[in-house]
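The chain contents come next:
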Amino acid sequence: MDYYSSHISKLIEQLSRLPGIGAKSAQRLAFHIINMPKEQVEQLSNAMTGAKENVRYCKECFTLTDQELCPICANAKRNHKQIMVVENTRDLAAYEKTGKFEGVYHVLHGAISPMLGIGPNDIRLKELMHRLQEDVDEVIIATNSSLEGETTAMYISKLIKPTGIKVSRIASGVPVGGDLEYIDEVTLLRALEGRVEL
Ligand code: ZN
């Protein structure tokens, strides 16, 4: 049954595909968009296409950026011998907000999850190992404390151990299963400072 014009239905359908947007929110957003001034709608759709067309992975750390190298990797003042491994760009942003980490990052874009069929080859692990051929002092594993995050941390530490590079894991204290991005800066700093060598 189509209560709305097909254009509205299409818009609702597209919006409801977004994560965290249920049928009701999709309707609400659709009507909001229809009531917005045309220029504003254009700005919104341009921002979406522009982001999609211009955002790419940093060739060093694989975070999302619009340059070949992200601003962190391009910054000579950062300690390029200390690499913090995170699951996604949002986690990187959470640590960056503390303003206290002077190293660089490596973004895995996921975590190993046998249950979801995500293996080591499905995340940016090969790329991490490749980076370790350069002069690196320490790898700090800052994956989430979920089952997947812990599995990934263990897997990475086993991979790195034979290279002789120091591997550490951020302190637990980060709530179990908690996404790093929702944790406050003080907790994050404490987790970083209290990291233990694996
Ligand atoms: Zn980078």
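Novice: Any chance you could explain the packing of aromatic side chains here in plain terms?
Specialist: For any pair of aromatic rings, the description rests on two quantities: the centre-to-centre distance and the angle between the ring planes. Going through the model one piece at a time under the given rule, you end up with 1 aromatic pair. Between the NZ or CZ atom of Arg124 and the centre of the ring of Tyr57, over which it lies, the distance is 4.8 Å.

Novice: Would you take a moment to explain the pattern of salt bridges for this structure?
Specialist: Opposite charge on two side chains makes pairing possible when the charged atoms of those side chains draw close. On inspection of all chains with the given rule, the structure shows 9 salt bridges. Among the ionic pairs, Glu13 bridges to Arg17, the shortest N-O distance being 3.2 Å. For the salt bridge of Asp135 with Lys81, the shortest nitrogen-to-oxygen distance reads 3.1 Å. With Asp135 in the loop between helix H6 (125-131) and strand S5 (138-141) and Lys81 in strand S3 (residues 79-86), this residue pair connects regions lying 54 residues apart in the sequence. We classify Lys81 as partly exposed; its relative accessible area is 35%.

Novice: Just checking my understanding: could you explain the coordination of the zinc ion for this structure?
Specialist: Tetrahedral coordination by four donors puts the ideal angle at the metal at 109.5 degrees, and octahedral coordination by six puts it at 90 or 180 degrees. For the zinc ion, the full set of protein donor atoms is Cys58 (SG), Cys61 (SG), Cys70 (SG) and Cys73 (SG), and the range of their distances to it is 2.3 Å. Because the angles between the 4 donor atoms bound to the zinc ion fall within 105 to 117 degrees, the donor set is best described as tetrahedral. Read from N- to C-terminus, the donor residues coordinating the zinc ion fall into the pattern C-x2-C-x8-C-x2-C. In terms of burial, Cys70 and Cys73 fall into one category: buried.

Novice: What is the right way to read a nonpolar patch on the surface from this model?
Specialist: Residues Val55, Tyr57 and Leu64 make up a contiguous nonpolar surface patch of roughly 260 Å² in combined accessible area. Tracing the backbone through its elements, the reader meets Val55 in the loop between helix H3 (38-54) and strand S1 (56-57). Taking relative accessible area as the criterion, Val55 reaches 38% and is therefore assigned partly exposed.

Novice: Would you mind going over the sheet that holds strand S4 (residues 103-107) with me for this structure?
Specialist: By way of backbone hydrogen bonds, the strands of a sheet pair with one another, either parallel or antiparallel. Strand order in this open sheet of 5 strands is S4-S3-S5-S6-S7, and the pairing throughout is mixed. Across the chains shown, the open sheet's two edge strands, defined by having one partner strand only, are S4 and strand S7 (196-197). Strand direction decides the pairing type here: S3 and S5, joined by 4 bridges, are parallel. Paired with Val85 across the bridge in S5 is Ile141. Of the strands in this sheet, S3, S5 and strand S6 (166-169) are in contact with helix H7 (residues 147-160), which crosses S6 at around 170 degrees.

Conventions and cut-offs
- Residues numbered from 1 in each chain as written.
- Predicted model: local features only at pLDDT ≥ 70, side-chain atom pairs only at ≥ 80, totals over all residues.
- Heavy atoms only, no water.
- Phe/Tyr/Trp six-rings, centres within 6.5 Å; stacked < 30°, edge-to-face > 60°.
- Lys NZ or Arg CZ within 6 Å of the ring centre and 35° of its normal.
- Salt bridge = Lys/Arg side-chain N within 4 Å of Asp/Glu carboxyl O.
- Helix = DSSP H or I, 4+ residues; strand = E, 2+ residues; numbered from the N terminus.
- Buried < 20%, exposed > 50% of the residue type's maximum accessible area, 1.4 Å probe, protein only.
- Donors = N, O, S within 2.8 Å, 3.2 Å for Na, K, Ca; no water.
- Tetrahedral: all angles 85-135°; square planar, octahedral: opposite > 155°, others 65-115°.
- Patch = residues over 30% accessible without salt bridge, like charges linked within 9 Å, V, L, I, M, F, W, Y side chains within 5 Å.
- Areas by Shrake-Rupley, 256 points an atom, 1.4 Å probe, with all protein chains shown as cover.
- Pairing = 2+ DSSP bridges.
- Contact = heavy atoms within 4.5 Å.
- Axes fitted to C-alpha atoms, helices over the stretch in contact; angles between N-to-C directions.

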